[in-house]
Amino acid sequence: VYEKGGIRKSTTSCNISIALARRGKKVLQIGCDPKHDSTFTLTGFLIPTIIDTLQVKDYHYEDVWPEDVIYKGYGGVDCVEAGGPPAGAGCGGYVVGETIKLLKELNAFYEYDIILFDVLGDVVCGGFAAPLNYVDYCIIITDNGFDALFAANRISASVREKSNTHPLRLAGLVGNRTSERDLIDKYVESCPMPVLEVLPLVEDIRISRVKGKTLFEMAEYQENLNYVFIPREIPDRELFSLPSDFYLNVNLENPEKVMLEEQNVPSLGFTVI
């Protein structure tokens, strides 16, 4: 999952990780941003980073164990933060590369059904592009503004370059925090790619970030979030439409019933959060 800072890609990534875990997948989320806050809403705190651990171990990779760098988050999602150098010093992209190197040595890539990289996409240098060497699909989070789409264009160019030598594909764009999509549509006319969904500004998601929780965790004790659940029998692609479909119908008495009718899915296929 790539995009420039401030688009809420980390918040989106955490909720995607929980959604996949609720569908029975073993999930690892790797934060690739020097701010090391990708997994904050999964763990509730800023976990120690891989670069911090390596410094403590004096960069002896053989002395690092999985439990030193992998932390259990909400819903059973495992979490890793690459971290980065102090502000104004060093290279954050280099740290991302070292993170991948360490996780490979720990055989972490073979322990999970889903590995989700949450990557800062403002600068697509070699280090920040390193996750593209190991993934099957790239999702770009954007909004309806020029700056975010400019960054999306650079990311898609990186995906195209990497796809020449790796089995990588661009899954598509997710428009976030916008009810308009005119610039998004204009962009995909020039650079054809799927638009997975355009999500409105959901106040509940903003609040969940402030509270350090995913929307799914908040839904366990807030009745107004009764629209948050994971259907198990519909294709993964259609999962992206659920947040907007339900949020736009939150005043309905039985939003689950509405989605069942729209998707023609038996009610036994759903787990209500």
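Small disclaimer: the values here were computed from a predicted structure and weren't measured.

J.: Would you mind showing me how to read helix α1 (residues 9–22) here?
T.: Given 3.6 residues per helical turn, the α-helix brings residues three or four places apart onto the same face. Over its 14 residues, α1 runs 20 Å from end to end, which matches the ideal 20 Å to within 8%, given 1.5 Å per residue. α1 sits mainly inside the fold: 13 of its 14 residues count as buried.

J.: Please clarify how the packing of aromatic side chains should be interpreted in this entry.
T.: Inspection of the entire model under this criterion finds three aromatic pairs. Ring plane angle 80° and centroid distance 6.3 Å describe the contact between Phe109 and Phe117, whose orientation is recorded as edge-to-face. No difference in accessibility class separates Phe109 from Phe117, as the two residues are buried. Summarising the aromatic geometry, the rings of Phe109 and Tyr134 are spaced 5.7 Å apart at their centres and angled 55° between planes, so their arrangement reads as tilted. In this pair, Phe109 is assigned in the loop between α5 (92–105) and β5 (114–120) and Tyr134 in the loop between β5 and β6 (137–142), connecting sequence segments 25 residues apart.

J.: Sorry if this is basic, but what is going on with the pattern of salt bridges here?
T.: Opposite charge on two side chains makes pairing possible when the charged atoms of those side chains draw close. By the definition in use, this model includes eight salt bridges. For Lys57, the salt bridge goes to Asp68, with nearest N and O atoms at 4.0 Å. Placement of the pair is Lys57 in the loop between α3 (50–56) and α4 (66–69) and Asp68 in helix α4, with a sequence separation of 11 residues. When its relative accessible area of 22% is taken as the criterion, Asp68 is described as partly exposed. For Asp78, the salt bridge goes to Lys72, with nearest N and O atoms at 2.8 Å. For Asp78, a relative accessible area of 7% translates into the label buried.

J.: What am I meant to see in the nonpolar core here?
T.: Membership of the largest hydrophobic core comes to 41 residues, with the highest contact counts inside it found for Ile30, Leu102, Phe117, Leu132, Cys138 and Leu173. Elements with a contribution of two residues or more to this core: β2 (27–32), α3, α5, β5, β6, α6 (146–162), α7 (182–190) and β8 (195–198). For Ile30, the contacting residues outside a window of four places in its chain are Val80, Thr99, Leu103, Phe109, Ile115, Leu116, Phe117 and Asp118. The next biggest cluster of nonpolar side chains, apart from the first, holds 27 residues, and it includes Cys79, Val174, Leu196 and Leu215.

J.: Can you walk me through the state of the cysteines in this structure?
T.: One way to say it: the disulfide is the covalent bond shared by the sulfur atoms of two cysteines. Going through the model one piece at a time under the given rule, you end up with zero disulfides. There is no disulfide at Cys79, and the cysteine sulfur nearest it, in Cys14, is 7.0 Å away. Judged by relative accessible area, Cys79 falls into the buried class, the value being 0%.

J.: Sorry if this is basic, but what is going on with the side chain of Glu217 here?
T.: With respect to the helices and strands, the residue Glu217 is situated in helix α9 (residues 215–218). Exposure remark for Glu217: the relative accessible area of 17% places this residue in the buried category. Each residue touching Glu217, except ones within four places of it in the same chain, is listed here: Thr41 and Tyr74.

J.: Explain the environment of Asn107 here, please?
T.: By the secondary structure assignment, Asn107 is in the loop between α5 and β5. Here Asn107 falls in the partly exposed class, since its relative accessible area comes to 42%. The spacing of Asn107 and Pro66 is 41 residues in sequence and 9.0 Å in space, taken between C-alpha atoms.

J.: In this structure, what is going on with the side chain of Asp37? I would like to understand it.
T.: Tracing the backbone through its elements, the reader meets Asp37 in the loop between β2 and α2 (40–43). Here Asp37 falls in the buried class, since its relative accessible area comes to 17%. A distance of 3.2 Å separates a polar atom in the side chain of Asp37 from a polar atom in the side chain of Arg209. If sequence neighbours within four positions are ignored, Asp37 has contacts with Leu46, Glu81 and Arg209.

J.: How should the environment of Asp182 be read in this particular structure?
T.: Assignment of secondary structure puts Asp182 in helix α7. A sequence separation of 38 residues divides Asp182 from Asn144, and the C-alpha atoms of the two residues are 7.1 Å apart.

J.: How do you make sense of unusual backbone geometry when you look at a structure like this?
T.: When glycine is set aside, most residues are seen to have a negative phi, and most peptide bonds are trans. A positive phi angle, close to 75°, is found at Arg8, a residue other than glycine. Turning to its location among the elements, Arg8 is positioned in the loop between β1 (2–3) and α1. Phi is positive for Tyr59, which is not a glycine, with a value near 60°. In this structure Tyr59 comes out as partly exposed when scored by relative accessible area, which is 41%.

J.: What's the story with the pairing of β8 in this structure? I'm lost.
T.: Note on strand geometry: in a regular strand, side chains alternate between the two faces of the sheet. Inspection of the sheet shows strand β7 (residues 169–175) paired to β8 by three bridges, in the parallel sense. Bridge pairing links Val174 to Glu197 in β8.

Scoring rules and cut-offs
- Residues numbered from 1 in each chain as written.
- Predicted model: local features only at pLDDT ≥ 70, side-chain atom pairs only at ≥ 80, totals over all residues.
- Heavy atoms only, no water.
- Helix = DSSP H or I, 4+ residues; strand = E, 2+ residues; numbered from the N terminus.
- Expected span 1.5 Å × (residues − 1).
- Buried < 20%, exposed > 50% of the residue type's maximum accessible area, 1.4 Å probe, protein only.
- Phe/Tyr/Trp six-rings, centres within 6.5 Å; stacked < 30°, edge-to-face > 60°.
- Salt bridge = Lys/Arg side-chain N within 4 Å of Asp/Glu carboxyl O.
- Core = buried A, V, L, I, M, F, W, Y, C linked by side-chain atoms within 4.5 Å.
- Contact = heavy atoms within 4.5 Å.
- Disulfide = S-S within 2.5 Å.
- Polar contact = N/O pair within 3.5 Å; in protein donor to acceptor, adjacent residues only side chain to side chain.
- Pairing = 2+ DSSP bridges.

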